[in-house]
Amino acid sequence: MSADKSAAVISQNQGNVALVLMQSPPVNALSKAVRIGLIEEIKAALNDDSIQAIVISSQQPLFSGGADISEFSGGDFEPPLPDVLDLIENADKPVIAVLNGPAFGGGLEVALACHYRITFAANKVGLPEVNLGILPGAGGTQRLPRLAGVAKALDMIVTGKPAKASTVKGAFDLIVEQPEALMEESLNFINELIKNGAAIKRTKDISIDPASAPAELFAQFRQGIAKQARGFFSPERCIQAVEAAVELPMEAGLKREGELFMECMQSPQARAQQHFFFAERAAGHVDDFDKSTPVRDIKKVGIIGAGTMGGGIAMNFANAGIPVVMLELKQEALDKGLAVIRRNYENSAKKGKLSADDVENRMALLMGATDYDALSDVDLVIEAVFEKMEVKKQVFGKLGEVCKPGAILASNTSTLDLDEIAASTSRPQDVIGLHFFSPANVMKLLEVVKGEKTAADVIKTSMKMAKTIRKVAVLVGVCFGFVGNRMIEPYGRESNRLTLEGASPEQVDKVIYDFGMPMGPNTMGDMAGLDIGYFVRQSRQEFISHDPSYAVVADRLVEEGRVGLKVGKGIYLYEDGSRVPVPDPQVLEIAKQEADKLGVEQRAHSEQEILERCIFPLINEGAQILEEGIAAKSSDIDVIYVYGYGFPVYRGGPMQYADEIGLDKVYQAMCKYRDELGEYGKMWFEPAPLLKQLAEQGKRFADYRK
Ligand code: 3HC
Ligand code: NAI
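Residues numbered from 1 in each chain as written. Chains lettered and ligands numbered in written order. Predicted model: local features only at pLDDT ≥ 70, side-chain atom pairs only at ≥ 80, totals over all residues. Heavy atoms only, no water.

1. What about the overall build of the chain?
The helix and strand tally for the chain stands at 29 helices and 17 strands. A compact globule built from 706 residues should have a C-alpha radius of gyration of about 27 Å, and the chain, at 29 Å, falls within 12% of that. If you line up the chain on its principal axes, its C-alpha atoms span 90 × 60 × 55 Å. With 706 residues in all, the chain has 56% of them scored as buried. Within the chain, counting contacts between residues at least 6 apart in sequence, those at least 24 apart form 73% of the total. A total accessible area of about 30,100 Å² is found for the chain, and carbon and sulfur atoms account for 52% of it. (Helix = DSSP H or I, 4+ residues; strand = E, 2+ residues; numbered from the N terminus. Rg over C-alpha atoms; globule rule 2.2 N^0.38 Å. Buried < 20%, exposed > 50% of the residue type's maximum accessible area, 1.4 Å probe, protein only. Contact = heavy atoms within 4.5 Å. Areas by Shrake-Rupley, 256 points an atom, 1.4 Å probe, with all protein chains shown as cover.)

Put into structure tokens, the structure is as follows:
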């Protein structure tokens, strides 16, 4: 028994029962120290004649968050987790897992290898390995189907979603209702077991009835997840591993699981998804504040403008139970905005996502106002009025006067200079950008924009507030378009230019869709409305006027009233209210006319060229952003792209994608297009100095800190 009370695993004997307790904060990941500790403590209990049963549980609020993901890249798997599980399963004294909190991945696999499992009804368990691009590699794919049935196991393993313990029938021998009573009831159960001769129930001895898992079950399952699993490598391997559980005896099944696990683990997708796991968490670690920085209380929020964004933003706060005052200049606009919110909630209720009471409770948190005095007691105000500097300045001037001292004044601007907005108030230190993405009640991303004078506690409070409203916040600096929209600009530009050069919009879209984006840039442009980009271009002539070909096809379409899906025609046609894009030869004709006017030669493009020309300049802009310090680390950019733009998580985000394929490759391709595309290439394909530097040094974006 470990005498070291701070060891990763300790034992406490309770009569003839040994309690083996993991205590490795924050989540009891099954690190080397925990695996060694488990082996030592279990062996000690097995060798102790006074011990008749062994409990595995935890001193932390979680049972275990699974294998230690940070060890994966180092490849130190000794002693292997399956060895720990073999020791448990083959033990000749009963081993009982008492799940005092959530058990995920390897954590749940430890429990599945025990002879008995006990938990409380509301506890959460899951095998989320698929989200890391791998599969449960410590017997989970073989043991869970044996205990919980093949259909339930397939669902849990392939979707990776946590399940309430009470819904995982068969996996538990005792489920108590009250978490507080768990240990006492467990010990009663175990003492009873011992009294009755304590049978050792090994999961590996359970055989699966093949009739319970016919081939159609797997075929239907594959079909059911085809859309969400598009492009992903590991879900299919997860299914194959569960098939092996049905078709093979335990030992052979474990071997097959091991092979499939290694196939996944060595894939670029596993690296990408594991990178993303840490990227998402690292986004919350910022240098601008520390533990000693205070946090302001956000008990009431004001929102100015009840339009598309204001309404969505307000819903986030109402969903979190925070009262909101919505301010518009005119009562009609206010009524309209509130009616849209009510309709959204009622639609959710129709789909069964909310109860009628939820709808009313949330609406009751939304108060309307047309007078700025209503904002005198809010702790945070978010402005979402028209994207015009004069209007924003007027609003912020007013906010400086009416809001109480210490209130945070935020803008949802997507393009305007936050520092200029801040200068229009008497308290620029309280001003911050909170850039939500549309639809704001749905999209998880929040770019938190720090101005030159934004106070550290305002940043810290905003990052914390994002968690309260269930957003993933990334801190960025001030520049045109911030990180996300600034990087999307070259992507859209190249898509347009490729059409001018003769690539059809559907060809471009297919390449990008096959790369893994939810849709191609042309479909996206039509959905967002081509007029949006058009107006931005009008206000940014100084940036693009040196390129006469800049977005000329899109400009022509807008000028002809073809602004996209909302009017039934844009780059594509949408017939009779359908949302399905239909290619239009007329657009090719427009592209041809414009190309002729500009003397641009039309030609065929390979898929590789299309992909590289859309994605590499976006990455190049990311390099520029890093070098300028607008984003603090490349993983922050990845989080923005996965959550804000649907960049495939199995590529880890654009910067991880570049790191994976090699920065030298991206650099050389940028040079190639710069040299091959004539004047146009010189204008837009100059590699960013940081890309050049890192490529030459054989480094990665992930290594770079300004
Ligand atoms: N390995 C290493 N570190 C982990 C970890 C793990 N399995 N799980 C969490 N962490 C770290 C996080 O990176 C974070 O570190 P930070 O504070 O330095 O940023 C810290 O623990 C706290 O994590 P969260 O902020 O996510 O804490 P929450 O309380 O919000 O969530 C959790 C806890 C639900 C356990 C969540 O962390 C989680 O989902 N973890 C991953 C679960 C998982 O995927 N398990 C499978 C691992 S792979 C495996 O088991 C393979 C096996 O089959 C062989
Ligand atoms: P919108 O036109 O739908 O809504 C703006 C609302 O503000 C209108 O209801 C208008 O009546 C109101 N308003 C205008 N001036 C006002 C004033 N002085 N006081 C009070 N209310 C006033 O516009 P949308 O799309 O909601 O955009 C708002 C802001 O959000 C803009 O800054 C925009 O750039 C930004 N944004 C928009 C995104 C989008 O996809 N629509 C995405 C991210 C940011």
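2. Remarks on the nonpolar core
Counting residues in each nonpolar core, the largest one holds 88 residues, and the members touching the most others are Leu375, Leu399, Ile615 and Phe701. With 10 residues, the single largest contributor to this core is helix H24 (residues 607-628). The residues contacting Leu375, other than those within four sequence positions of it, are Gly302, Ile304, Val325, Val381, Leu399, Val402 and Cys403. Ranked by size, the runner-up nonpolar core spans 72 residues in total, among them Val34, Ile39, Leu46 and Leu112. (Core = buried A, V, L, I, M, F, W, Y, C linked by side-chain atoms within 4.5 Å.)

3. Things to note about the site of ligand 2
Around ligand 2 lies a shell of 21 residues, among which Met309, Glu328, Glu387, Lys392 and Ser414 are the nearest. Contact between ligand 2 and Met309: an oxygen atom at 2.7 Å from a main-chain N or O atom of the residue. Between ligand 2 and the protein, one listed contact pairs an oxygen atom with a side-chain N or O atom of Glu387 at 2.5 Å. Protein burial of ligand 2: of its 830 Å² of free accessible surface, 78% is covered by the chains. If you list the elements that add at least two residues to the shell around ligand 2, you get helix H11 (308-319), helix H14 (389-402) and strand E15 (431-436). Among the elements that make up the shell around ligand 2, the one with the highest residue count is H14 (3 residues). Across the shell around ligand 2, the residue classes tally to 10 nonpolar, 8 polar and 3 charged. (Near = heavy atom within 4 Å. Polar contact = N/O pair within 3.5 Å; in protein donor to acceptor, adjacent residues only side chain to side chain. Nonpolar A, V, L, I, M, F, W, Y, C, P; charged D, E, K, R; others polar.)

4. Describing the packing of aromatic side chains
The full count for this structure, using the stated rule, is 14 aromatic pairs. Between Phe515 and Tyr657 the ring centres are 5.0 Å apart and the planes differ by 80°, which places this aromatic pair in the edge-to-face class. With Phe515 in helix H18 (residues 505-515) and Tyr657 in helix H26 (residues 654-661), the pair connects residues that are 142 residues apart, well separated along the chain. The pair Phe515 / Tyr657 is uniform in exposure class, with both members buried. (Phe/Tyr/Trp six-rings, centres within 6.5 Å; stacked < 30°, edge-to-face > 60°.)

5. A look at the sheet that holds E15
Taken together, 8 strands build an open sheet; the order of strands is E12-E11-E10-E13-E14-E15-E16-E17 and the sheet is mixed. Unpaired on one side and paired on the other, strand E12 (366-369) and strand E17 (472-476) mark the two borders of the sheet. Neighbour-to-neighbour, the strand axes of the sheet open up by a mean angle of 25°, direction not taken into account. Here strand E13 (residues 380-383) runs beside strand E14 (residues 408-411); their pairing, made up of 4 bridges, is parallel. Looking across to E14, one finds that Ile382 is bridged to Ala410. (Pairing = 2+ DSSP bridges. Axes fitted to C-alpha atoms, helices over the stretch in contact; angles between N-to-C directions.)

6. Examining the packing of helix H20 (residues 530-539) against helix H22 (residues 552-559)
H22 packs onto H20 with a crossing angle of 115° between their chain directions and a minimal axis gap of 10 Å. If you check the angle between H20 and H22, you find them roughly perpendicular. Every pair of crossing elements has a handedness; the one defined by H20 and H22 is left-handed. Between H20 and H22, the contacting residues are Leu530, Asp531, Tyr534 and Arg537 on the first element and Ala554, Asp555, Leu557, Val558 and Glu559 on the second. Classifying every residue of the contact of H20 with H22 by side-chain character gives 5 nonpolar, no polar and 4 charged. (Parallel < 35°, antiparallel > 145°, perpendicular 65-115°, else oblique. Left-handed = near helix turned anticlockwise from the far one by under 90°.)

7. As for the sheet that holds strand E5 (residues 103-104)
Taken in spatial order, the 3 strands line up as E5-E7-E8 in an open sheet, and their pairing is mixed. Across the chains shown, the open sheet's two edge strands, defined by having one partner strand only, are E5 and strand E8 (163-164). By the bridge criterion, 2 bridges tie strand E7 (residues 124-126) to E8 in an arrangement that is antiparallel. Bridge pairing in E8 links Lys124 to Lys164.

8. Notes on the domain arrangement of the chain
Split into domains, the chain comes out as domain 1 (9-265), domain 2 (301-478), domain 3 (482-605) and domain 4 (606-706). Between the C-alpha centres of domain 1 and domain 3 the distance comes to 51 Å. (Domains from an automatic or database assignment.)

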